[in-house]
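# Examining the three-dimensional arrangement
The primary structure of each chain is shown beneath.
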Amino acid sequence: MGGQEQPPGGDKAEELAESLKLAEVAPSSFPEILDTVTASILNIWKAFLGHIPFIVASMLMLVLTWVVATLVGRCVFRFARRTTQRPSLQHLLVRLAKIVVWVIGLLFTAMIMFPGLTPARALGGLGLLSVAVGLAFKDIFENFFAGILILWRFPFEAGDVIKCEEVQGRVEQVDVRNTAIRRTTGELVIVPNLFLFKNPVEILTDRNKRRFTVIVGVSYDVDLSAAVTVITQAVESCESVRDDEPVQIFPRAFADSSIEIEVTWWGGSTPLQERESRGEVVRAVKQALDAAGMEIPFPYRTLVLRDPLRLEEAHSE
């Protein structure tokens, strides 16, 4: 009939039935609430007790992974020591081997801890986790991989003196993320490996010798050939100058007050050896030129007047 009320729809009837069921199940007093909470805690405790064997097995798996990683690291270190003489490369191979063992061990530990976890699901979860972690810690992973490339390919080791941009000092330690450099003034600088990987690096101690240069000025009235001979003999007499490389002395330029002579020689490669060698050469050249009567001039200034000066004698009154 048109005047009768329409029955509620199917969705409203289901919502009404669910509400009635919840009203019947929901506790209406404090004792019932306490019983419900206690029952939930007991169920969680029983599930935990039932899962204890899996937890113990997973802990044993971690211990086994640690033992295997240690043994593999020792074997790889022995192999690396026979194949390469670079300590950084040896430690890198050991680290990579241990990382591989730990990744495999953690996957097996997760599958033992959660029996329903399959290798495919574990690898899929590991892939998603690695993407998320990689996006969150982008700079850390960039430095990590840069450190691996530095340890693998770069020729400097702990103990070498390097220079990169404004950082110069002795390398104390090369890690997979950072490199510790001790400046010659004593400060310790922790440099990210990505900085060393992207910028030019000068390895000052790659060889046991380096070439140094100083500029000496002699007066214009000095015989250049004689000056070159005197300077050459003075430089060759220095103990810090290597005799397996030639000493090179060349007149360089006409300066304002002197003729510049370029003095080039080879000495030790460390910063201390450089300073000692420069000091010894400068002293020897100065003494030799003074002994030969050859002037190392101060800056001269010549004043040219447009009109001549008239000098008049003072007459006493």
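### Structural notes on the confidence of the model for the chain
Confidence along the chain averages 79 in pLDDT terms, with 74% of residues attaining 70 or more. Within the chain, the lowest mean pLDDT, 56, falls on helix α4 (residues 119–136), and the highest, 95, falls on strand β8 (residues 259–267).

### Notes on the pairing of strand β7 (residues 248–254)
As paired strands, β7 and β8 are joined by six bridges and run antiparallel to one another. Along β8, the bridge assignment pairs Gln248 with Thr264. The turn joining β7 and β8, which pair antiparallel and follow one another in sequence, is formed by four residues.

### Re the sheet that holds strand β2 (residues 167–174)
Read from one edge to the other, the open sheet built from five strands follows the order β4-β3-β2-β1-β5, with strand pairing classed as antiparallel. Taken across any chain shown, the strands that pair with only one partner, and hence form the sheet edges, are β4 (188–192) and β5 (202–203). Bridging between strand β1 (residues 161–164) and β5 involves two bridges; their strand directions are antiparallel. Its bridge partner being in β5, Ile162 is matched across the sheet by Ile203.

### Considerations on the sheet that holds strand β6 (residues 210–218)
Read across the sheet, three strands follow the order β6-β8-β7 without closing on themselves; strand pairing throughout is antiparallel. Each edge of the open sheet carries a strand with a single partner, namely β6 and β7. When the angles between neighbouring strand axes are averaged without regard to direction, this sheet yields 25°. Looking at chain direction, β6 and β8 are connected through nine bridges and run antiparallel. Opposite Val216, over in β8, you have Ile261 as the bridge partner. Against the sheet, helix α7 (residues 224–236) contacts β6, β7 and β8, and its axis sits at roughly 25° relative to β8. On the sheet, helix α8 (residues 271–291) packs against β6 and β8 and is oriented at approximately 30° with respect to β6.

### Details of α8
Helix length check: α8 (21 residues) gives 30 Å between terminal C-alpha atoms against 30 Å at 1.5 Å per residue, within 8%. Restricting attention to buried positions, one finds in α8 the residues Pro271, Glu274, Ser277, Val281, Ala284, Val285, Ala288 and Leu289. Each buried residue of α8 lies within a common arc of 160° when the element is viewed along its axis, so the set occupies one face. Opposite the packed face of α8, turned more than 90 degrees from it, sit the exposed residues Leu272, Arg275, Arg283, Gln287 and Ala291. Taken together, the buried residues of α8 touch β1, β6, α7 and β8. Downstream of α8 by a residue or two, Gly293 has a phi angle that is positive, lying close to 75°.

### As for α7
A rise of 1.5 Å per residue sets the reference length of α7, with its 13 residues, at 18 Å; its end C-alpha atoms lie 18 Å apart and thus fit the reference within 8%. Taken together, the buried residues of α7 touch β6, β7, β8 and α8. Sitting at the head of α7, Asp223 places a side-chain oxygen 3.3 Å from the backbone nitrogen of Ser225.

### A word on the environment of Phe156
Structurally, Phe156 is set in the loop between α5 (138–153) and β1. Along the backbone, Phe156 and Leu204 are 48 residues apart, and their C-alpha atoms lie at a distance of 9.6 Å.

### Some points on unusual backbone geometry
In the Ramachandran plot, Glu165 falls in the positive-phi region, its phi being about 55° despite a non-glycine side chain. Along the chain, the position of Glu165 falls in the loop between β1 and β2. What makes Glu165 partly exposed here is its relative accessible area of 45%.

### Remarks on the pattern of salt bridges
By the definition in use, this model includes seven salt bridges. Linking Glu172 and Arg182 is a salt bridge whose minimum nitrogen-to-oxygen distance equals 2.9 Å. In this pair, Glu172 is assigned in strand β2 and Arg182 in strand β3 (residues 178–183), connecting sequence segments ten residues apart. Residue classification places Glu172 among the partly exposed residues on the basis of a relative accessible area of 40%. Residue Arg210 is joined to Glu274 by a salt bridge in which the shortest nitrogen-to-oxygen separation is 2.9 Å. Here Arg210, found in strand β6, pairs with Glu274, found in helix α8; they are 64 residues apart in sequence, far enough to count as distant.

### Remarks on the side chain of Lys209
Positionally, Lys209 belongs in the loop between β5 and β6. Judged by its relative accessible area of 11%, Lys209 is buried. A polar side-chain atom of Lys209 sits 2.6 Å from a polar atom in the side chain of Glu245.

### Some thoughts on the packing of aromatic side chains
By the definition in use, this model includes two aromatic pairs. Measuring from ring centre to ring centre gives 6.4 Å for Tyr220 and Phe254, while their planes differ by 10°; the resulting arrangement is stacked. Residue Tyr220 is located in the loop between β6 and α7, and its partner Phe254 is located in strand β7; the two are separated by 34 residues in the primary sequence.

Definitions and limits used
Residues numbered from 1 in each chain as written. Predicted model: local features only at pLDDT ≥ 70, side-chain atom pairs only at ≥ 80, totals over all residues. Heavy atoms only, no water. pLDDT = per-residue confidence, 0-100. Helix = DSSP H or I, 4+ residues; strand = E, 2+ residues; numbered from the N terminus. Pairing = 2+ DSSP bridges. Axes fitted to C-alpha atoms, helices over the stretch in contact; angles between N-to-C directions. Contact = heavy atoms within 4.5 Å. Expected span 1.5 Å × (residues − 1). Buried < 20%, exposed > 50% of the residue type's maximum accessible area, 1.4 Å probe, protein only. Arc of directions from axis to C-beta. Polar contact = N/O pair within 3.5 Å; in protein donor to acceptor, adjacent residues only side chain to side chain. Salt bridge = Lys/Arg side-chain N within 4 Å of Asp/Glu carboxyl O. Phe/Tyr/Trp six-rings, centres within 6.5 Å; stacked < 30°, edge-to-face > 60°.

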